[in-house]
Amino acid sequence: MSEAVTRPPAHSGALLASLDPLLRGWLPRQRWFSGKGRPVTGLEIAAATELLPPGAEPGLLHLLVRVHQPLSGATPVADHEHLAPDCYQLLLGVRGELPPRLAPALIGHVTAGALAGHTVYEALLDPRLATLLLERLRQPGRLGALRFTRADGADIPSGLVPRPLGSEQSNSSLVYGDRLILKVFRRVVPGVNPDLELPLALARQGCGRVPPPAAWMTADGGAEPLVLGVLQPYVAGAADGWELALQVLTKGEDFHAEARALGRATAEVHAALATALPTVTLGRAQVELLARGMTERLEDAAHAVPALRPYAPALRTAYDALADLAAEGGTGLRAQRVHGDLHLGQFLRSPSGEWTLIDFEGEPARPLPERRMPQPPARDVAGMLRSFDYASRSHRPWAPQWAATCRAAYCTGYAETAGTDPRTSPVLLRAHETDKAVYEALYEARHRPDWLPVPLAALGRLAAGEDAPGPEPDAVL
Ligand SMILES: Nc1ncnc2c1ncn2[C@@H]1O[C@H](COP(=O)(O)OP(=O)(O)O)[C@@H](O)[C@H]1O
Ligand SMILES: O=P(O)(O)O[C@H]1O[C@H](CO)[C@@H](O[C@H]2O[C@H](CO)[C@@H](O)[C@H](O)[C@H]2O)[C@H](O)[C@H]1O
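In what follows, the accompanying structure is described. Source: prediction; values computed, not measured. Numbering of residues starts from 1 in every chain and runs along the sequence as written. Each chain takes a letter, starting from A, and each ligand takes a number, starting from 1, following the order in which they are written. The model is predicted, so local features are restricted to residues of pLDDT at least 70 and side-chain atom pairs to those at 80 or more, both for listing and for counting; the totals for chains, interfaces and linings are taken over all residues. Hydrogens are left out, water is left out, and the side-chain values use all remaining heavy atoms of the structure.

Quick word on the overall build of the protein
Point 1. Helical segments are the DSSP runs of H or I of at least four residues, strand segments are the runs of E of at least two, and each set is numbered from the N terminus. Of the regular secondary structure elements, the protein holds 14 helices and 17 strands.
Point 2. Our radius of gyration looks at C-alpha atoms and nothing else; its globule reference is 2.2 Å times the residue count to the power 0.38. By the compact-globule yardstick of 23 Å for 477 residues, the protein fits well, its C-alpha radius of gyration being 23 Å.
Point 3. Taking the principal axes of its C-alpha atoms as reference, the protein extends roughly 70 × 50 × 45 Å.
Point 4. A simple rule labels every residue: compare its accessible area, found with a 1.4 Å probe on the protein chains alone, to the largest value its type can have, and call it buried under 20%, exposed over 50%, or partly exposed in between. Taking all 477 residues of the protein together, 53% fall into the buried category.
Point 5. Any pair of residues with heavy atoms lying within 4.5 Å of one another is described as a contacting pair. Residue pairs in contact within the protein that sit at least 24 positions apart in sequence constitute 71% of those at least 6 positions apart.
Point 6. Using the Shrake-Rupley algorithm and a 1.4 Å probe, accessible areas are obtained, with residue cover drawn only from the displayed protein chains. Surface summary for the protein: the accessible area is close to 19500 Å², and the carbon and sulfur share equals 56%.
Point 7. Positive charges come from Lys and Arg alone, negative charges from Asp and Glu alone, with His and the N- and C-terminal ends not counted. The location of each charge is read from NZ of Lys, CZ of Arg, CG of Asp or CD of Glu. Within the protein, the 52 negative side-chain charges are centred at a point lying 3 Å from the centre of the 47 positive side-chain charges.

Okay, here's the thing in structure tokens:
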């Protein structure tokens, strides 16, 4: 490690004087910025680490930035993490002048403070800096607030050519030579990130359905570290389940065999998670708590999304039924670690036809401790059932029978591997499906208002007591 790399970062006050005016404009325009619609009232640098000093041409600066924003009237009360300023991870390239090929990466020209006279830009779009990041991950160790860890025996070749992943998501990803993919988390919270925790646990279990982490980057975050990035094998040539479902719908083709395979893959991952990590049987009080959590989320969502309000009283009955089941003492409900945000886009099908499961972060808006709690596996099943509905509704004309067939086939596939058919617990499944559709209504209202009619249509059907998981596929086909 060179002397320059280990040099302490510039004073954060002078750094902030440089970056504050630029970041206030740039941050809210990023797809991964979760505080959209609320003004940025202040920025704070929580940590700054020079991976390359500003004069290095290019320099590489790693920042953790706290963003202060007032709460909006629509912020759900249960959205605890939003009560504290969100902390974002930024990787900034620093150059005297930006070459034209990097123009799309521009953040701005600095006129004051520590970086005056420099140009700062999104480092992940600069192949030289993206390469440096991979080199750091190949070599375990510390640098300033950052710690780089490499899994035992992980194959991380050097010299792989980096490319940023086009599709902007909740986080930012870089693919290296079609061999590895680095996910850089954007909004970071202290504590164990399930997107590292669960794939590591599954790898220990020998579960081949999830890419095993090869290396990861963390930062000291007070009592608990922050997980900043995870490097894992890249499934080259894969298509995700969402793309495939839409293609199949367009061609008028059948998807039920794939839906069944997805059910089997989900059950395999659930079995491995149940072996790798603790499971619990939920008692009466815990099931009541589960139902109460769902009711509270409905109330918060109805507060934020007025179109949801007419359905709320009828939807609440799904949660009441779950609580009643507990009161009758008849649940014996098993809970374990689950994926937590399962949908078609989280499955990748390799060219050989194998399904791989990715993105174990859980629903990004939920507090971390909640995302790490054992849950009934029905929660993931419900996520997939919702996803088949989403796919059928984004097709013109709407293809309800296609969704019904896929939903049933998925449950059948799940039952084939798990030995238990999710449809044999209709009260639990309905409660989870309702909870997921409520989450989706809130998600769409915040991020993609044009999509709001999709979960609203489902909530209308769920409120009317329709939208049951469906009969056995053999009876449908
Ligand atoms: N191991 C992998 N192999 C191939 N592609 C991947 C892999 N992991 C993620 N991807 C691609 O990256 C995209 C974003 O990854 P994801 O973990 O879902 O990030 P986000 O949290 O930003 O949504 C996925 O939709 C998928 O296309
Ligand atoms: O970014 P993530 O993949 O972690 O998940 C979030 O975004 C998803 C949309 O990209 C969202 O999923 C919803 O839309 C999908 C279609 O685009 C659909 O297949 C899912 O069933 C539906 O929930 C997901 O909820 C959100 O957390």
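Things to note about the sheet that holds strand 1 (residues 42–52)
Point 1. On the basis of which strands lie adjacent, the open sheet formed by 5 strands has the order 1-2-3-5-4 and antiparallel pairing. Looking along the sheet, the strands with just one partner apiece sit at the ends: strand 1 and strand 4 (106–109). Within the sheet, the average angular offset between the axes of one strand and its neighbour, ignoring direction, is 30 degrees.
Point 2. Two strands make a pair as long as DSSP finds a minimum of two bridges between them. For strand 4 and strand 5 (residues 119–122), the ladder comprises 3 bridges, and the chain directions are antiparallel. Residue Gly108 lies in a different strand from strand 5, and its bridge partner there is Val120.
Point 3. With axes taken as lines fitted to C-alpha atoms, and helix axes fitted only over the stretch in contact, angles between N-to-C directions fall between 0 and 180 degrees. Sitting on the sheet, helix 2 (residues 12–26) touches strand 1, strand 2 (59–68), strand 3 (86–95), strand 4 and strand 5, and the angle it makes with strand 1 is about 110 degrees.

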